[in-house]
Amino acid sequence: MRRPNLPPDADVRANTLTGRLTRSKLFQDYQSAFEGATGLPLYLQEAGNGPGGLSSRPTGNAFCQMMAENHETCASCFALQQKLEERVGLEPRSMRCFAGLCESAVPVRVGEKIIAFLQTGQILLHRPDAKRFSKVAQTLIELGSRIDLKKAEDAWFATTVLKQEQYKPMLRLLHIFATHLSECANALTLETQSAECESVTKAKAMVLAHLDDELSLSHVAKVVNVSAAYFSELFHKTTGMTFTDYVARMRVEKVKHLLADSRLQITAIAFDTGFKSVSQFNRVFKKVAGLSPRQYRLNQAVRIKS
């Protein structure tokens with residue numbers, strides 16, 4: 001399990017929609033203003049992507065940071081965060097961990113889909129006292145934690161305490177901000193879709209211009225400046241066919257045009273349109289056109305005479 005105190009921006013979400021939102025000036029300005037005004041951490045957590053990153057923030061709670069560094073309590077916190085995500089609806093949702101600290105999540109949506117959560121909290125909604133901490137300490141012992149209980153106690157007692165009437169308006173502000181982030185996410189989605197279409201359009205143009213040459217998916221992906229794996233998935237999603245099938249269909253269409261000229265030998269046509277062998281040429285042509293190149297030529301000749 002990935003430890004939640006690792007720098008979240010360094011992981012694989014960097015190129016996701018949530019990663020792009022995190023790097024946006026809108027989010028960074030709001031995050032800075034929120035943390036500066038409240039002293040509480042604020043993190044944009046990608047939906048379904050494991051533990052959140054509140055404890056990695058400079059304003060993160062010291063007690064929670066200690067928990068995040070310990071395997072046994074880390075698992076307990078992770079389970080709480082998963083449950084919190086599962087219970088979030090249209091409105092912010094808050095839950096308390098075994099130590100009584102409250103965390104909250106506010107959904108960010110694109111359409112009906114929740115793509116991320118604005119997370120904050122790591123606060124107490126009651127004054128800390130020795131009796132309550134004795135229960136926390138007992139739980140830590142039962143979990144098999146090797147945390148220094150004295151340091152844990154000091155950190156727990158230093159936790160920010162807020163009243164419900166203070167905390168709820170802050171969550172309302174985050175709810176409003178989540179709406180702005182959703183609008184930003186929608187704009188980024190449209191921008192991405194436009195860029196995707198442009199990549200496929202460029203790839204199609206390249207295929208048509210180089211049908212006679214060897215065309216590999218990796219080479220075309222490099223030309224349109226995307227990874228081969230991403231290009232393969234994108235091309236199939238956009239066109240409904242694989243890149244290989246598309247190239248084959250385009251070559252067959254060119255072959256059909258050349259077969260109309262009876263002076264051209266079928267074997268020559270095969271090699272002049274990028275096929276590596278006559279057997280491959282016959283197999284692909286029949287798969288796409290439904291009959292062999294020779295049969296196609298004969299049918300075309302009959303149609304012209306009639």
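Structural data are supplied above this passage.
The paragraphs below set out a description of the structure included in this document. (Residues numbered from 1 in each chain as written. Predicted model: local features only at pLDDT ≥ 70, side-chain atom pairs only at ≥ 80, totals over all residues. Heavy atoms only, no water.)

## Details of the overall build of the chain
Thinking step 1. Assigned secondary structure in the chain consists of 13 helices and 4 strands.
Thinking step 2. Looking at the chain as a whole, 41% of its 306 residues are labelled buried.
Thinking step 3. Within the chain, contacts between residues at least 6 apart in sequence are counted, and of these 63% link residues at least 24 apart.
Thinking step 4. Per element, the accessible surface of the chain, about 16900 Å² overall, is 53% carbon and sulfur. (Helix = DSSP H or I, 4+ residues; strand = E, 2+ residues; numbered from the N terminus. Buried < 20%, exposed > 50% of the residue type's maximum accessible area, 1.4 Å probe, protein only. Contact = heavy atoms within 4.5 Å. Areas by Shrake-Rupley, 256 points an atom, 1.4 Å probe, with all protein chains shown as cover.)

## Overview of the pattern of salt bridges
Thinking step 1. With the rule as written, the count across this model stands at 9 salt bridges.
Thinking step 2. Salt-bridge contacts for D29 lead to K25; the nearest nitrogen and oxygen are separated by 2.6 Å. In this pair, D29 and K25 are both assigned in helix α2 (residues 25–38), 4 residues apart and thus about one turn of the helix distant.
Thinking step 3. For K25, a relative accessible area of 62% puts it in the exposed group.
Thinking step 4. Here R263 makes a salt bridge to D261, at a shortest N to O gap of 3.0 Å. (Salt bridge = Lys/Arg side-chain N within 4 Å of Asp/Glu carboxyl O.)

## A short note on the packing of aromatic side chains
Thinking step 1. Applying the stated criterion to the full structure yields 13 aromatic pairs.
Thinking step 2. Each ring, one from Y30 and one from F34, has its centre 6.4 Å from the other, and the planes form 20°; the classification is stacked. Of this pair, Y30 and F34 both sit in helix α2, 4 residues apart, which is roughly one turn of the helix.
Thinking step 3. Where F231 meets F243, the ring centres are 5.6 Å apart and the plane angle is 65°; that geometry is what we call edge-to-face. In this pair, F231 is assigned in helix α9 (residues 228–239) and F243 in helix α10 (residues 243–259), connecting sequence segments 12 residues apart.
Thinking step 4. Classification of F231 as buried rests on a relative accessible area of 0%.
Thinking step 5. Residue class for F243 comes out buried when judged on its relative accessible area of 3%.
Thinking step 6. Put simply, the rings of F27, Y30, F34 and F177 touch in pairs and so form one group of aromatic residues.
Thinking step 7. Directly above the aromatic system of F275 lies the positively charged group of R251, at a separation of 6.0 Å from the ring centroid. (Phe/Tyr/Trp six-rings, centres within 6.5 Å; stacked < 30°, edge-to-face > 60°. Lys NZ or Arg CZ within 6 Å of the ring centre and 35° of its normal.)

## Overview of the pairing of strand β1 (residues 43–46)
Thinking step 1. Every second residue of β1 is oriented toward a common face, with Y43 and Q45 on one face and L44 and E46 on the other, all of them buried.
Thinking step 2. Pairing geometry for β1 and strand β4 (residues 113–123), over 4 bridges, is antiparallel. Paired with L44 across the bridge in β4 is L118. (Pairing = 2+ DSSP bridges.)

## Here we look at the sheet that holds β4
Thinking step 1. Sheet architecture is open: 4 strands sit in the order β1-β4-β3-β2, paired in antiparallel fashion. One side of each edge strand has no neighbouring strand; the edge strands of this open sheet are β1 and β2 (93–96). Direction aside, the axes of adjacent strands within the sheet are offset by 30° on average.
Thinking step 2. One ladder, built from 9 bridges, connects strand β3 (residues 102–110) with β4; its direction is antiparallel. Its bridge partner being in β4, V110 is matched across the sheet by K113. (Axes fitted to C-alpha atoms, helices over the stretch in contact; angles between N-to-C directions.)

## A short note on the environment of T139
Thinking step 1. Residue position: T139 is located in helix α5 (residues 130–142).
Thinking step 2. The class for T139 is partly exposed, based on a relative accessible area of 22%.
Thinking step 3. Taking C-alpha positions, T139 is 8.4 Å from A99, a pair spaced 40 residues apart along the chain.

## Topic: the packing of α10 against helix α12 (residues 278–289)
Thinking step 1. Relative orientation of the contacting elements α10 and α12 amounts to 95°, with a least axis distance of 10 Å. One element, α10, and the other, α12, form an angle in the roughly perpendicular class. Across from D245, A248, R249, V252, V255, K256 and L259 in α10, the residues of α12 making contact are F281, V284, F285, K287, V288 and A289.
Thinking step 2. Of the residues contributing to the contact of α10 with α12, the split by class is 9 nonpolar, no polar and 4 charged. (Parallel < 35°, antiparallel > 145°, perpendicular 65-115°, else oblique. Nonpolar A, V, L, I, M, F, W, Y, C, P; charged D, E, K, R; others polar.)

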